[in-house]
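# Coordinates in review
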Amino acid sequence: MLALLGLAMMLITDLPVGPAPTPVAMPHFPDALHAYVWRNWSLVPTARIAAAIGAKPEEVIHVGKAMGLPDPPRISPDRQLRSHLSVIRRNWHLLPYDQLLKLLDWTPEHLAYTLREDDFLYIKLGSLKPKCEPIHYRAPSAADVKRELEIASIVHRAFPQGLPDAPLFKFVEDLKKDPAHSQTQATSVANGPQPAPRFCYSYFALYGDPLLDKRADPYPEGYLKKLQAAGVNGVWLQGVLPKLAPFPWDLHQSEQYEKRLANLKELAARAKRHGIGIYLYLNEPRALPLAFFDSHPDLKGVVEGDHAALCTSAPEVKSYIANSIATICGAVPDLAGFFTITASENLTNCWSHGAGKSCPRCAPRGAAQVIAEVNGLIVEGIHKAGAKTQLIAWDWGWPEAEAEETIKRLPAEAALMSVSEWDLPIHRGGIETTVGEYSVSAVGPGPRAVRHWQIAHDRGLKTFAKIQAANSWEMSAVPYVPALANVAQHASNLKSHALDGAMLGWTLGGYPSPNLEVVGAVFGGMSTDDALNTVAAHRFGSDAAPAVVSAWRAFSTAFSEFPFHIGMVYTAPMQHGPANLLWSEPTGYHATMVGFPYDDLDAWRAVYPPEIFTSQLNKIAEGFYAAIADLKKEADKHTGTPEQQAALRSELGIAETVAIHCKSVANQAQFVLHRNGMKTAQYIHFRDNAGAVETLLNSEIALARRMIDLQTADPRLGFEASNQYYYVPTDLMEKILNCTYLRDHWLADSKKAMGVRE
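By way of backbone hydrogen bonds, the strands of a sheet pair with one another, either parallel or antiparallel. If you walk around this closed barrel you meet the eight strands as S1-S2-S3-S7-S8-S9-S12-S13, and the pairing is parallel. Taken over all neighbouring pairs, the strand axes of this sheet differ in orientation by 30° on average, direction set aside. Sheet topology places strand S7 (residues 337–341) next to strand S8 (residues 390–394); five bridges connect them, and they run parallel. The residue bridging Phe 339 from the neighbouring strand is Ile 392, located in S8. Helix H15 (residues 366–384) rests against strand S3 (277–282), S7 and S8 of the sheet, and its axis sits at about 175° to S8.

Further remarks concern the nonpolar core. Judged by nonpolar contacts, the single largest core of 236 residues is most densely connected at Phe 338 and Met 733. When sequence neighbours within four positions are dropped, the list of residues in contact with Phe 338 reads Leu 280, Leu 282, Ile 325, Ile 328, Cys 329, Ile 378, Ile 382, Thr 389, Gln 390, Leu 391 and Ile 392.

Let's shift gears to empty space enclosed by the protein. Per the counting criterion, the structure on display carries nine cavities of 30 Å³ or more. Computed from the structure, the largest cavity encloses a volume of approximately 400 Å³. Together, 23 residues line the largest cavity, and Arg 39, Arg 89, Ala 579, Leu 581 and Phe 596 are the ones closest to its centre. Those elements giving two or more residues to the lining of the largest cavity turn out to be helix H5 (84–91) and helix H27 (729–754). Here the element with the most residues in the lining of the largest cavity is H5; it accounts for three residues. Partitioning the lining of the largest cavity into residue classes produces 13 nonpolar, five polar and five charged. Considered as a void within the structure, the second largest cavity measures approximately 270 Å³ in volume. Looking at the second largest cavity, it is lined by 21 residues, and the ones nearest its centre are Glu 117, Asp 119, Tyr 207, Gln 238 and Thr 507. When contributions to the lining of the second largest cavity are tallied by element, the ones reaching two or more residues are helix H7 (108–117) and strand S2 (234–239).

Now for the pairing of strand S11 (residues 431–434). In S11, alternate side chains face the same way, and those of Ile 431 and Thr 433 are buried while those of Glu 432 and Thr 434 on the opposite face are not. Summarising the sheet, strand S10 (residues 425–428) and S11 pair through four bridges and their orientation is antiparallel. Bridging across to S11, Ile 426 finds its partner in Thr 433. Between S10 and S11, which follow one another and run antiparallel, lie two residues, and Gly 429 among them has a positive phi close to 65°.

What follows is about helix H1 (residues 32–40). Every α-helical turn comprises 3.6 residues, leaving residues that sit three or four positions apart pointing alike. Of all nine residues in H1, eight are buried; the element is thus mostly enclosed. Looking at the buried positions of H1, the neighbouring elements they touch are helix H2 (46–52), helix H3 (57–66), H5, helix H6 (97–104), helix H9 (142–158) and H27. In this structure Asp 31 caps H1, since a side-chain oxygen of it lies 3.3 Å from the backbone nitrogen of Leu 33.

Overall, antiparallel pairing links the three strands, which are arranged S4-S6-S5 in an open sheet. Single-partner strands in this sheet number two, and they are strand S4 (288–289) and strand S5 (300–304). Both S5 and strand S6 (residues 307–310) contribute to a ladder of three bridges, which runs antiparallel. The residue of S6 that forms the bridge with Glu 304 is His 307.

The geometry of H6 relative to H7 is characterised by a closest axis approach of 10 Å and an angle of 95° between their N-to-C directions. With respect to their mutual orientation, H6 and H7 come out roughly perpendicular. Contact residues: H6 offers Tyr 97, Leu 100, Leu 101 and Leu 104, while H7 offers Pro 108, Leu 111 and Leu 115.

Right, let's get into the environment of Val 172. Mapped onto the elements of the fold, Val 172 is located in helix H10 (residues 170–176). Given a relative accessible area of 0%, Val 172 falls into the buried group. Each C-alpha atom of the pair Val 172 and Thr 614 lies 35 Å from the other, and the pair is 442 residues apart in sequence.

Okay, the packing of aromatic side chains next. Applying the stated criterion across every chain yields a total of 39 aromatic pairs. Geometrically, the ring pair formed by Trp 92 and Tyr 97 is edge-to-face, given 5.9 Å between the ring centres and 75° between the ring planes. A relative accessible area of 8% places Tyr 97 in the buried class. Through pairs of rings, three or more aromatic residues link up here, namely Phe 199, Tyr 201, Trp 236, Tyr 279, Tyr 281, Phe 339, Trp 394, Phe 464 and Trp 506. Above the plane of the ring of Tyr 97 lies Lys 129, whose end atom (NZ or CZ) is 5.8 Å from the centre. Between Arg 448 and the ring centre of Trp 422, over which it is positioned, the NZ or CZ distance is 4.4 Å.

With that settled, consider the layout of surface pockets. Approximately 1100 Å³ is the volume found for the largest pocket. Around the largest pocket sit 42 residues that line it, and Tyr 511, Ala 646, Ala 647, Ser 650 and Arg 716 are the ones nearest its centre. Per-element tally for the lining of the largest pocket: the top contributor is helix H25 (residues 642–677), with 11 residues. When the residues that make up the lining of the largest pocket are grouped by side-chain class, the tally is 19 nonpolar, seven polar and 16 charged.

Per-residue pLDDT for the protein has a mean of 94; in total, 97% of the residues score no lower than 70. Below a pLDDT of 50 lies the segment residues 1–8, which in the model reaches 23 contacts outside its immediate sequence neighbourhood of four places, other chains included. In this model residues 187–194 is a low-confidence stretch, pLDDT under 50, and it forms 16 contacts with partners more than four residues away in sequence or in other chains.

Glancing now at unusual backbone geometry. Residue Pro 285 follows Glu 284 across a cis peptide bond; omega there is -5°. Residue Gly 444 is joined to Pro 445 through a cis peptide bond whose omega torsion reads 10°. Relative to the elements of secondary structure, Pro 445 occurs in the loop between S11 and helix H17 (447–459). Positive phi outside glycine occurs at Ala 20, with the angle close to 55°.

Within the element layout of this structure, Gly 460 appears in the loop between H17 and strand S12 (462–466). Expressed as a C-alpha distance, the spacing of Gly 460 and Ala 414, which sit 46 residues apart in the sequence, is 9.8 Å.

What counts and how
- Along each chain, residue indices are assigned from 1 in the same order as the chain's sequence is written.
- Local features are withheld for residues below a pLDDT of 70 in this predicted model, meaning they are given only at 70 or higher, and side-chain atom pairs are given and counted only at 80 or more; totals for whole chains, interfaces and linings count all residues.
- Side-chain metrics rest on all non-hydrogen atoms present in the structure, leaving aside hydrogens and water.
- Two strands qualify as a pair provided that DSSP identifies no fewer than 2 bridges between them.
- Elements are defined by DSSP. Helices are runs of H or I of four residues or more, strands are runs of E of two residues or more, and each kind is numbered from the N terminus.
- All axes are obtained by fitting lines to C-alpha atoms, using only the stretch in contact for helices, and the reported angles, taken between N-to-C directions, cover 0 to 180 degrees.
- Whether two residues are in contact is decided by their heavy atoms, any of which lying within 4.5 Å being enough.
- Think of a nonpolar core as a cluster: buried Ala, Val, Leu, Ile, Met, Phe, Trp, Tyr and Cys residues, connected wherever their side-chain atoms sit within 4.5 Å.
- In this scheme, a residue with accessible area under 20% of its type's maximum is buried, one over 50% is exposed, and one in between is partly exposed, where area comes from a 1.4 Å probe on protein chains only.
- We place a 1 Å grid over just the protein atoms. Points where a 1.4 Å probe fits but has no way out form a cavity, open points with protein on both sides within 12 Å along at least 5 of 7 lines form a pocket, and any residue with an atom within 4 Å of a point lines it.
- Grid points are joined across faces, edges and corners, and a volume is the space filled by probe spheres set on the points.
- Polar here means any residue outside two lists: the nonpolar Ala, Val, Leu, Ile, Met, Phe, Trp, Tyr, Cys and Pro, and the charged Asp, Glu, Lys and Arg; Gly therefore counts as polar.
- For this analysis, a polar contact is any N or O atom pair within 3.5 Å, provided that within protein one partner can donate a hydrogen and the other can accept it, and provided that sequence-adjacent residues contribute only side-chain to side-chain pairs.
- Reported orientations rely on four angle classes, namely roughly parallel under 35 degrees, roughly antiparallel over 145, roughly perpendicular from 65 to 115, and oblique for the rest.
- Classification of ring pairs rests on two measures: the distance between centres of Phe, Tyr or Trp rings, Trp counted by its six-membered ring, which must be within 6.5 Å, and the angle between planes, read as stacked under 30 degrees, edge-to-face over 60 and tilted in between.
- We count a charge as sitting over a ring when the NZ of a lysine or the CZ of an arginine lies within 6 Å of the ring centre and within 35 degrees of the ring normal.
- Each residue gets a pLDDT score, which is the predictor's confidence in that residue and runs from 0 to 100.

Here is the structure:
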């Protein structure tokens with residue numbers, strides 16, 4: 001894995017740092033030691049928490065118990081394996097690199113690889129490492145003990161029986177099990193004799209080396225069966241060429257590629273037995289460290305930071321791509337397809353990030369020729385192997401000025417995939433904008449996809465739509481957004497465009513949900529009404545189905561108020577909801593892509609004025625709460641099987657989570673406005689803003705408290721594969737501590753200073 005990046009033995013000082021600002025304040029804890037123990041309590045074994053700071057396990061336990069935490073839970077190896085992103089995030093503002101490495105039990109090389117390659121983690125963390133002072137255990141002072149008692153009292157008031165620990169990752173074991181008989185009764189029309197490809201990503205995949213590490217199997221047998229029952233007939237995982245075929249300039253980088261291919265062959269054959277094809281995502285050829293090109297200068301393309309592209313205008317690189325694909329296809333005859341991103345994500349070809357003019361070989365050829373040629377080389381490799389593997393060329397990131405020419409240059413065997421809702425005009429709260437992608441609230445297709453599909457059809461190419469059938473970055477902390485009328489209508493709209501298949505989601509949305517089943521039913525020939533009614537009856541029973549469908553329609557109407565903007569969905573606290581902390585003073589930090597929202601309201605709201613931003617989110621929350629209340633009333637009138645009753649409780653919990661997240665983000669936006677408004681010297685304005693702040697803090701406390709109950713009952717909530725857990729119960733409890741501290745200390749002191757009486 002590490003050889004792939006050409007990493008030599010690294011020092012801690014080689015890890016990326018960036019501007020290294022001061023960490024954000026956490027005054028609700030006595031000090032960084034207490035914050036550190038609290039945040040790692042439920043995800044890291046006590047012995048490792050202690051070792052990283054030079055403490056004894058019993059000392060760590062004493063600190064935690066003094067704050068009212070329950071006995072340390074048993075941290076299974078699987079929980080550790082699946083929590084590394086959550087652990088890194090929660091310690092980013094607490095630990096310097098050396099202690100973070102001890103806590104993770106990683107080498108600097110492992111962390112460097114993860115920061116760069118694990119779905120842009122370093123970018124999600126802000127492309128900076130706060131300058132954290134080392135944490136060392138010390139006996140608590142009298143002031144520490146006083147604050148520990150206050151914290152313990154708050155915990156006890158919220159949870160007299162003790163703070164619960166959600167059964168994190170329980171859904172992984174549940175999905176591994178064979179489906180119950182009723183779960184296999186998928187709508188037959190959704191799985192016709194030769195349905196068009198409909199593929200998604202694993203709900204719980206780990207980035208890394210799943211074809212070598214069996215523990216990381218993203219598609220166990222039971223999960224494949226459940227996906228097939230939900231109308232899915234394809235799944236995807238990332239492929240990296242040097243891991244799957246010989247890298248001719250350094251064979252060390254391809255160690256054990258034969259074993260990976262053998263495991264991929266076994267996976268493809270196993271999935272095929274369930275009518276599911278395996279698709280590999282390719283973002284190739286991957287850039288390499290500059291040091292690689294010291295001995296291979298003729299291969300060097302565009303430079304970006306400390307890496308350079310393998311120039312695809314070089315004959316040797318062309319041969320490498322085609323031969324690698326031939327190796328894969330030859331070894332895995334059941335491989336269904338590849339899909340490519342050739343103008344975004346990692347630096348690959350010289351035009352992949354738009355800077356091809358700096359390459360003397362690629363500049364005169366232009367982006368269209370270079371990008372189309374990369375796809376052509378993959379088809380060449382498929383032909384070399386005599387395989388029937390499908391190539392799907394995704395136009396994500398292609399410059400619009402070059403898109404038509406690129407499509408016209410694609411090989412005849414390729415299919416073109418476009419994001420369905422891209423460029424779709426929307427009107428939200430009186431604001432006009434367009435959708436980029438990742439939207440359940442906006443029903444496609446949009447003009448860009450329609451235009452590109454038509455160009456492809458004119459050439460005789462097959463066409464695919466990429467949609468977000470289950471959830472999106474609008475709301476990824478739930479396994480699916482129950483706005484099923486929107487999803488069904490989107491699928492219905494696509495039927496008139498003579499498409500040959502659909503990608504059902506990026507790394508999010510792979511849970512075997514009613515959303516996926518509805519899409520399968522509509523693509524299979526059902527009307528939207530019939531699909532909704534059939535899926536509802538199948539999952540919740542025929543008696544409850546009308547009420548569920550009515551709720552789905554109401555959720556869809558409410559979610560259509562979402563204040564969509566691609567900047568908003570990446571930076572606002574939509575995924576973290578009530579777990580995102582509040583601060584008495586501006587942090588000065590900029591919100592990061594899905595990682596840390598901080599208090600960066602201007603980034604959150606994007607093109608929306610603050611009052612419209614909060615109003616739209618409140619509309620969603622109110623619409624969901626009203627539909628939930630109606631569904632509960634109807635649900636009380638009907639009985640079903642225990643399985644159907646559990647499914648209905650789960651549906652209500654998912655819907656309430658959406659409502660809570662939207663309400664919380666609206667609260668947080670209003671908090672920032674009123675916090676800033678408190679700085680006025682005018683008494684009446686201060687008083688009004690302070691009163692609003694107190695109301696908002698109390699609301700956030702209630703939402704976090706409720707979210708603990710919901711996540712404890714359903715550990716799918718708060719989770720997404722490429723980010724792992726956005727929050728766990730201790731994070732939500734920390735928000736309660738945070739808001740209580742702001743209310744009872746900062747706000748109370750501010751009122752006293754201004755002479756405001758209670």
